[in-house]
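Tertiary structure, described
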Amino acid sequence: MEQKPGAGIVREELNSIYSLFACTRDILRKYGPELAPRGRAGGVTFAGIAVEMVNTVLRPLLTKWHPALAEWEATRQPGASVVVHERAWSQIEDLRSEVAETRKVLLDLAADLHDAMQIQPLIGNT
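In what follows, the accompanying structure is described.

Conventions and cut-offs
- Once a new chain begins, its residue numbering starts again from 1 and follows that chain's sequence as written.
- The predicted origin of the model limits local features to residues at a pLDDT of at least 70 and limits the giving and counting of side-chain atom pairs to 80 or more, whereas totals for whole chains, interfaces and linings rest on all residues.
- Values reported for side chains reflect all heavy atoms of the structure, with hydrogen atoms and water molecules removed beforehand.
- Helix and strand definitions follow DSSP, with helices as H or I runs of at least four residues and strands as E runs of at least two, each counted in order from the N terminus.
- Accessibility here uses a 1.4 Å probe with only protein chains present; expressed as a share of the type maximum, an area under 20% marks a residue as buried, one over 50% as exposed, and anything in between as partly exposed.
- Should any heavy atoms of two residues lie within 4.5 Å, those residues are counted as being in contact.
- Note on areas: Shrake-Rupley, 1.4 Å probe, and residue coverage restricted to the protein chains presented here.
- In what follows, salt bridge is the name for a side-chain nitrogen of Lys or Arg lying within 4 Å of a carboxyl oxygen of Asp or Glu.
- Polar contact criterion, stated in full: a pair of N or O atoms within 3.5 Å, where within protein one must be able to donate a hydrogen and the other to accept it, and residues adjacent in sequence count only if both atoms are side-chain atoms.
- Whether two aromatic rings pair depends on their centres lying within 6.5 Å, for rings of Phe, Tyr and Trp, where Trp uses its six-membered ring; planes under 30 degrees apart make the pair stacked, over 60 edge-to-face, and the rest tilted.
- The set of buried Ala, Val, Leu, Ile, Met, Phe, Trp, Tyr and Cys residues whose side-chain atoms join them within 4.5 Å is what this entry labels a nonpolar core.
- Expected helix span is taken as 1.5 Å per residue step, with the number of steps being one fewer than the number of residues.
- Every patch collects residues that have over 30% relative accessible area and no salt bridge, joining them within 9 Å if they carry like charges and within 5 Å if they are nonpolar side chains (Val, Leu, Ile, Met, Phe, Trp, Tyr).
- For the charge count, each Lys or Arg is scored as positive and each Asp or Glu as negative, with His and the chain ends excluded.
- In this description, the location of a charge corresponds to atom NZ of lysine, CZ of arginine, CG of aspartate or CD of glutamate.
- Note on geometry: axes are lines fitted to C-alpha atoms, helical ones only across the stretch in contact, with angles between N-to-C directions running from 0 to 180 degrees.
- Here a crossing is called left-handed whenever its near helix is offset anticlockwise from the far helix by less than a right angle, and right-handed whenever the offset is clockwise.
- All residues other than Ala, Val, Leu, Ile, Met, Phe, Trp, Tyr, Cys, Pro, Asp, Glu, Lys and Arg, Gly among them, are scored as polar; the first ten of these are nonpolar and the last four charged.

Looking only at helices and strands, the protein chain has four helices and zero strands in total. Residues counted as buried form 30% of the 126 residues belonging to the protein chain. Looking at the protein chain alone, contacts between residues at least 24 apart form 68% of all its contacts between residues at least 6 apart. About 8,200 Å² of surface is accessible on the protein chain, with carbon and sulfur atoms providing 58% of the total.

Before going further, it helps to examine the pattern of salt bridges. Evaluated as defined, the whole model comprises six salt bridges. A salt bridge links Glu98 to Lys64; the nearest nitrogen and oxygen atoms lie 2.6 Å apart. Pair noted here: Glu98 is in helix 4 (residues 92-117) and Lys64 is in helix 2 (residues 46-73), with a separation of 34 residues, a long-range link. In this structure Glu98 comes out as partly exposed when scored by relative accessible area, which is 26%.

Along the chain, Ser81 turns up in the loop between helix 2 and helix 3 (82-87). Engagement of the side chain of Ser81 in a polar contact is seen with the backbone nitrogen of Val83, the distance being 3.3 Å. Within the structure, the side chain of Ser81 is placed 3.1 Å from the backbone nitrogen of Val84, a separation counted as a polar contact.

Take the packing of aromatic side chains next. The final tally for this structure, using the stated rule, is two aromatic pairs. Summarising the aromatic geometry, the rings of Trp65 and Trp89 are spaced 5.8 Å apart at their centres and angled 90° between planes, so their arrangement reads as edge-to-face. A residue pair is termed long-range when its members are at least 10 positions apart, and Trp65 in helix 2 and Trp89 in the loop between helix 3 and helix 4 qualify at 24 residues. Residue classification places Trp65 among the buried positions, given a relative accessible area of 3%.

Core analysis: the biggest nonpolar cluster contains 19 residues, and Leu14, Leu58 and Leu95 have the highest contact counts within it. Tallying contributions element by element places helix 2 first for this core, with nine residues. Excluding anything up to four places from it in sequence, Leu14 contacts Leu61, Leu62, Trp65, His66, Leu69, Leu95 and Val99.

For helix 1 (residues 10-31), which comprises 22 residues, the first-to-last C-alpha distance of 31 Å matches the rise-based estimate of 32 Å (1.5 Å per residue) to within 8%. When we look at burial in helix 1, the residues that qualify are Val10, Arg11, Glu13, Leu14, Ile17, Phe21, Ala22, Thr24 and Leu28.

Attention now goes to a negative patch on the surface. Side chains of Glu52, Asp108, Asp112 and Asp115 sit close together on the surface and give a patch of like negative charge. Take the negative patch: its biggest share by element is three residues, from helix 4. Turning to its location among the elements, Asp108 is positioned in helix 4.

Take the packing of helix 1 against helix 2 next. Where helix 1 meets helix 2, the closest approach of the two axes is 9 Å, and the angle between their N-to-C directions is 145°. Crossing handedness for the pair helix 1 and helix 2: left-handed. Looking at the contact of helix 1 with helix 2 residue by residue, the classes come out as 20 nonpolar, two polar and three charged.

In structure tokens:
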């Protein structure tokens, strides 16, 4: 589900994205070989989709925006509203736009995973 423009706190969205990154990386470390069965050569696997997601979707977004947002957050004066401060950042709309694009890519990857595993989607691609 897409965030309404200007709604919520982008820091929370980045934290959620980081949680997905960390959880996926942990699953790959723990179960790596079992997630890419040999009988599926050339086929789509959880591991293949997960590695693509971590390396080409999540990592670039987090590497670019996490430190930039943290630097801006560090300038917030004591007692100032987190929401108001975040919305005053000159780069907030660029970040929101990239988060929205990332959400679309993640939904596409989820659809690929559903197809590969031959299961019904749990969420709609909206």
